[in-house]
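Coordinate inspection notes
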Amino acid sequence: MAASPMKKRLSLSLLCSALFFASGWLQAAEVQVQGSLHTDQPGPQVSRYIFGQFAEHLGTGIYGGIWVGPDSKIPNTNGYRNDVLAALKAIHVPDVRWPGGCFADEYHWRDGIGPRDKRPTSVNTHWGGVEEPNSFGTHEFMNFTELLGTDAYVAGNVGDASPDEMAQWVEYMTAPTHSTLAMQRRANGRDKPWKVAFVGVGNELWGCGGNMRSEYAADVYRRYQTFVKAPADQTILKIAPGSNGDDYHWTEVMMREAGKFMNGLSLHYYTVPGGGFPPRDSSTDFDETAWIDTLQQALRMDDLITRHSAIMDKYDPQKKIALVVDEWGTWYASLPGSHPGFLQQQNTLRDALVASLTLDIFSDHADRVRMANIAQMVNVLQSMILTDGNKMLLTPTYHVFAMYLPYQDATHLPLEISAPTYRHGEFAVPAVHGSAVKAKDGHVYVALTNLDPEHAAEVNVKLSGKATQVSGQILTAPAMTSLNTFEHADAVKPVPFSGARIDGNDLKVKLPAKAIVMLKLQ
Ligand code: AHR
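Residues numbered from 1 in each chain as written. Predicted model: local features only at pLDDT ≥ 70, side-chain atom pairs only at ≥ 80, totals over all residues. Heavy atoms only, no water.

We now examine the packing of aromatic side chains. One pair of aromatic rings is described through two measures. These are the centre distance and the angle between the planes. With the rule as written, the count across this model stands at 19 aromatic pairs. Each ring, one from Tyr49 and one from Phe198, has its centre 5.3 Å from the other, and the planes form 80°; the classification is edge-to-face. Of this pair, Tyr49 sits in the loop between β2 (45–46) and β3 (52–54) while Phe198 sits in strand β10 (residues 198–201), and the two are 149 residues apart along the sequence. Like Tyr49, the residue Phe198 is buried in the burial classification. With 4.8 Å between their ring centres and 75° between their planes, Tyr270 and Trp331 make a pair best called edge-to-face. You can see Tyr270 sitting in strand β12 (residues 264–271) and its partner Trp331 sitting in the loop between β13 (322–330) and α10 (349–364), a full 61 residues away along the chain. The class for Tyr270 is buried, based on a relative accessible area of 10%. Owing to a relative accessible area of 15%, Trp331 belongs among the buried residues under this scheme. Put simply, the rings of Trp67, Tyr80, Trp98, Phe103, Tyr107, Phe136, Phe141, Phe144 and Trp169 pair up and form one aromatic cluster. For the cation-ring pair, Arg97 lies above Phe54, with the distance from its terminal atom to the ring centre recorded as 4.7 Å. When the ring centre of Phe286 is taken as origin, the NZ or CZ atom of Arg350, which lies over that ring, is 3.6 Å away. (Phe/Tyr/Trp six-rings, centres within 6.5 Å; stacked < 30°, edge-to-face > 60°. Helix = DSSP H or I, 4+ residues; strand = E, 2+ residues; numbered from the N terminus. Buried < 20%, exposed > 50% of the residue type's maximum accessible area, 1.4 Å probe, protein only. Lys NZ or Arg CZ within 6 Å of the ring centre and 35° of its normal.)

Packed helix pairs are characterised by how far apart their axes lie and by the angle those axes make with each other. At a minimum axis separation of 7 Å, α10 and helix α11 (residues 396–403) run at an interaxial angle of 30°. Of the two elements, α10 crosses α11, and the hand of that crossing is right-handed. Contacts between α10 and α11 pair Leu349, Asp351, Ala352, Ala355, Ser356 and Leu359 from the former with Pro396, Thr397, Val400 and Phe401 from the latter. Here the residues of the contact of α10 with α11 sort into 7 nonpolar, 2 polar and 1 charged. (Axes fitted to C-alpha atoms, helices over the stretch in contact; angles between N-to-C directions. Left-handed = near helix turned anticlockwise from the far one by under 90°. Contact = heavy atoms within 4.5 Å. Nonpolar A, V, L, I, M, F, W, Y, C, P; charged D, E, K, R; others polar.)

Moving on: the pairing of strand β22 (residues 444–450). Burial within β22 is extensive, with 7 of its 7 residues counted as buried. Here β22 shows no split at all, with Val444, Val446, Leu448 and Asn450 on one side and Tyr445, Ala447 and Thr449 on the other all buried. Examined bridge by bridge, strand β21 (residues 432–438) and β22 share 7 bridges and lie antiparallel to one another. Among the inter-strand pairings, Gly434 is bridged to a residue of β22, identified as Leu448. Once β21 ends, the chain turns through 5 residues before running back antiparallel as β22, passing Gly442 with a positive phi of about 90°. Across 7 bridges, the pairing between β22 and strand β28 (residues 515–521) is antiparallel. Paired with Asn450 across the two strands is Ala515, which belongs to β28. (Pairing = 2+ DSSP bridges.)

The subject of this paragraph is the pattern of salt bridges. Under the criterion given, the structure shown has 21 salt bridges. In this structure, Glu252 engages Lys314 in a salt bridge whose closest nitrogen and oxygen atoms are separated by 2.9 Å. Taken together, the residues span a long stretch of sequence, with Glu252 in helix α8 (residues 248–258) and Lys314 in helix α9 (residues 288–315) at a distance of 62 residues. Its relative accessible area of 54% is what places Lys314 among the exposed residues. Several salt bridges converge on common partners, so that one network encompasses Asp313, Asp316, Lys319, Asp367 and Arg368. (Salt bridge = Lys/Arg side-chain N within 4 Å of Asp/Glu carboxyl O.)

What follows is the structure, encoded as structure tokens:
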């Protein structure tokens with residue numbers, strides 16, 4: 001695939017800067033942003049898989065969040081919450097990564113098959129030392145993916161299991177034969193083999209997956225992946241365990257030593273304001289310093305992808321291997337009073353902006369980033385959905401995924417934005433960020449995010465092609481900390497946007513402070 005990375009020129013206009021800092025009344029003025037959109041320069045396809053999800057056996061991510069069991073009073077279909085299923089269907093989840101995370105490298109799949117009341121109880125040693133009932137296992141996950149109409153991304157255990165165990169799991173799930181494992185699957189209620197689209201061969205092998213050095217991990221990966229075999233009528237794409245953030249040496253070694261054995265190489269990067277791990281900042285109670293710190297950390301994704309991609313280009317100039325950002329999102333201190341091992345946090349307008357910026361960055365790197373999985377789908381870290389008993393809410397992040405639906409399998413278009421810098425304290429970010437695609441419905445969509453919490457922006461985008469009408473949606477809220485609660489579940493949600501117009505060859509947008517808009521040009 002030919003690369004056509006979008007170049008964003010972020011320049012500080014002296015005039016804007018002067019206006020910005022000069023005086024009280026001037027501070028309320030709109031910042032001026034210029035852009036150009038090259039609809040005549042279609043780039044690579046923006047894979048729908050960048051909208052992937054991650055569901056780990058962690059806290060209430062699975063139990064209570066997705067799975068309540070068929071006997072629950074919470075309305076369910078064969079044990080899966082109806083409300084969660086419906087919400088996930090609406091955002092066309094392309095794939096779900098399961099069972100971890102760190103949990104994957106200590107998961108033994110045989111614990112999770114057979115009659116549920118006969119399954120062993122194990123200990124989730126990584127996430128709180130709680131009992132793991134194993135009532136959500138292979139059948140429950142694979143049937144869930146079918147019900148949801150999504151692809152399965154199964155993460156195999158390299159940390160404390162053998163290659164044989166991983167190979168047998170794949171055979172159990174996919175074999176069309178009458179092998180003993182296939183017959184065991186049938187005896188457990190599933191005749192037809194399932195389709196397993198992706199297998200992750202280990203998780204964070206540099207950490208919870210075995211504390212390996214990259215040189216050793218590359219060899220271990222080569223060995224394990226050898227035995228991941230798809231039946232003749234299936235293709236399983238193999239994803240190698242990747243780097244922790246900016247560990248470029250890891251990517252270099254994996255590509256050099258194991259590149260020819262993988263379809264994708266993973267990358268994990270979390271947005272952790274307040275100085276990094278361990279996460280200290282609150283998800284709900286924060287000021288402008290934490291706001292801009294978070295957004296600046298989120299924007300680091302662009303540099304990380306650029307640099308990991310450059311290494312991958314050396315070994316794979318044709319870009320056959322995808323960079324798979326299969327863990328990303330915000331990570332704050334756990335909610336007060338919650339189990340510290342459950343990674344429960346709330347989700348505000350700030351998280352919505354982290355999502356829009358990250359999706360812009362992924363689409364700008366569509367030639368290499370062909371899959372990503374936000375951490376995590378329900379009740380854990382930067383979730384789409386929060387549940388509490390029979391209550392459920394959609395987070396601001398969920399709404400961004402919904403607004404970006406036209407990006408799924410769209411064609412990337414280069415959008416250049418020249419925005420002033422928004423500064424606060426030691427932090428500085430472009431005031432406005434954006435991206436654009438031509439969607440499968442034939443229309444051009446432009447996403448714009450105003451990172452400045454105080455100042456509206458007047459955005460003027462020169463269009464290379466013709467458009468006569470623009471319509472759109474906006475996601476914003478009264479405060480940076482605005483969020484949805486079970487009592488007020490619709491406090492932050494997208495509404496129709498009428499602040500954009502076409503003027504000749506220009507798209508003119510009055511973009512409110514701290515807002516995300518998705519515009520459709522016609
Ligand atoms: O998403 C939470 C954890 O973060 C995952 O289990 C692990 O892979 C990462 O460190």
